[in-house]
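# An overview of the molecular structure
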Amino acid sequence: MTNYRESQVDAALDDYFAKRQAARAERVRAFLDSLNPRERALMQDAAVMGYVRGSMHPRGEEIPLNADILADVVNACFAQPDLYPAVATIERCPGFPENCPNLRAVPADPPRHGGGVRCGCADDEESER
């Protein structure tokens, strides 16, 4: 004999989970839409580098404290300014991107990033020759 109550509970749970997933996705979208372009770029650079650094963390090793993680992520972003321009240019040009006099194009490199611009204020003069 089939228990019809079980299928009704499953359907109700499926519906509930679908609604909660949609609500979470809407909350994320609303948050990201509320950011100005600079805030969004900072969030993206830090989140992507945090994900990359996290995926490189050895399994079973102790996870560092938040301050150490933050320093590691910022240092890694500074080391690759072409991939993480929003973080890497923060101390170099406080007017990026609107007031930066040295914007540099960053070609797209799918799937790593979609390209854009970066600050060139701290570029090494020798690399320009």
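What comes next is a walk through the structure. (Residues numbered from 1 in each chain as written. Predicted model: local features only at pLDDT ≥ 70, side-chain atom pairs only at ≥ 80, totals over all residues. Heavy atoms only, no water.)

Once that is clear, we can look at the overall build of the chain. Each helix and strand in the chain was counted, giving four helices and two strands. Helices and strands appear in the chain in the N-to-C order α-α-α-α-β-β. A burial count over the chain gives 19% of its 129 residues as buried. Once local pairs closer than 6 in sequence are excluded, the contacts in the chain between residues at least 24 apart make up 40%. Surface accessibility of the chain: about 10,100 Å² in total, with carbon and sulfur atoms responsible for 54%. (Helix = DSSP H or I, 4+ residues; strand = E, 2+ residues; numbered from the N terminus. Buried < 20%, exposed > 50% of the residue type's maximum accessible area, 1.4 Å probe, protein only. Contact = heavy atoms within 4.5 Å. Areas by Shrake-Rupley, 256 points an atom, 1.4 Å probe, with all protein chains shown as cover.)

This next bit is on helix H2 (residues 37-56). For H2, spanning 20 residues, the distance from its first C-alpha to its last is 29 Å, which sits close to the expected 28 Å at 1.5 Å a residue. Within H2, burial applies to Arg38, Asp45 and Met49. Buried residues of H2 fall within an arc of 40° about the axis and therefore sit on the same side. For H2, exposure combined with an orientation more than 90 degrees from the buried face picks out Tyr51 and Ser55. Tucked into the core, H2 has its buried residues touching helix H3 (66-79) and helix H4 (85-88). For H2, the N-terminal capping position is held by Asn36, with its side-chain oxygen 2.9 Å away from the main-chain nitrogen of Arg38. (Expected span 1.5 Å × (residues − 1). Arc of directions from axis to C-beta. Polar contact = N/O pair within 3.5 Å; in protein donor to acceptor, adjacent residues only side chain to side chain.)

Further remarks concern the environment of Pro97. Of note, Pro97 is situated in the loop between H4 and strand S1 (103-106). The contacts of Pro97, once residues within four sequence positions are left out, are Arg38 and Leu103.

On to the environment of Asn36, then. Within the element layout of this structure, Asn36 appears in the loop between helix H1 (4-34) and H2. Within the structure, the side chain of Asn36 is placed 2.7 Å from the backbone nitrogen of Glu39, a separation counted as a polar contact.

All right, on to the pattern of salt bridges then. One pass over the structure, following the stated rule, counts four salt bridges. A salt bridge links Glu26 to Arg29; the nearest nitrogen and oxygen atoms lie 2.4 Å apart. On the criterion of helical spacing, the pair formed by Glu26 and Arg29 is a turn pair, its members being three residues apart in helix H1. Given the relative accessible area of 39%, Glu26 is considered partly exposed. Salt bridges sharing partners connect three or more residues here, namely Glu26, Arg29 and Asp33. (Salt bridge = Lys/Arg side-chain N within 4 Å of Asp/Glu carboxyl O.)

If you look at the biggest cluster of nonpolar residues, it comprises seven residues: Met49, Val73, Ala76, Cys77, Leu83, Tyr84 and Val87. For Val73, the contacting residues outside a window of four places in its chain are Ala46, Met49, Gly50 and Arg53. (Core = buried A, V, L, I, M, F, W, Y, C linked by side-chain atoms within 4.5 Å.)

Turning our attention to a nonpolar patch on the surface. A grouping of Val9, Leu13, Tyr16 and Phe17 is seen on the molecular surface, where their side chains present a nonpolar patch of about 400 Å² in accessible area. Counting through the fold element by element, Val9 comes out in helix H1. On the basis of relative accessibility, which here comes to 46%, the residue Val9 falls in the partly exposed class. (Patch = residues over 30% accessible without salt bridge, like charges linked within 9 Å, V, L, I, M, F, W, Y side chains within 5 Å.)

Time to look at the packing of H2 against H3. The interhelical angle for the contact between H2 and H3, taken along N-to-C directions, is 105°, at an axis separation of 9 Å. Compared by their axis directions, H2 and H3 come out roughly perpendicular. Residue-level contacts link Asp45, Ala46, Met49, Gly50 and Arg53 of H2 to Asp72, Val73, Ala76 and Cys77 of H3. (Axes fitted to C-alpha atoms, helices over the stretch in contact; angles between N-to-C directions. Parallel < 35°, antiparallel > 145°, perpendicular 65-115°, else oblique.)

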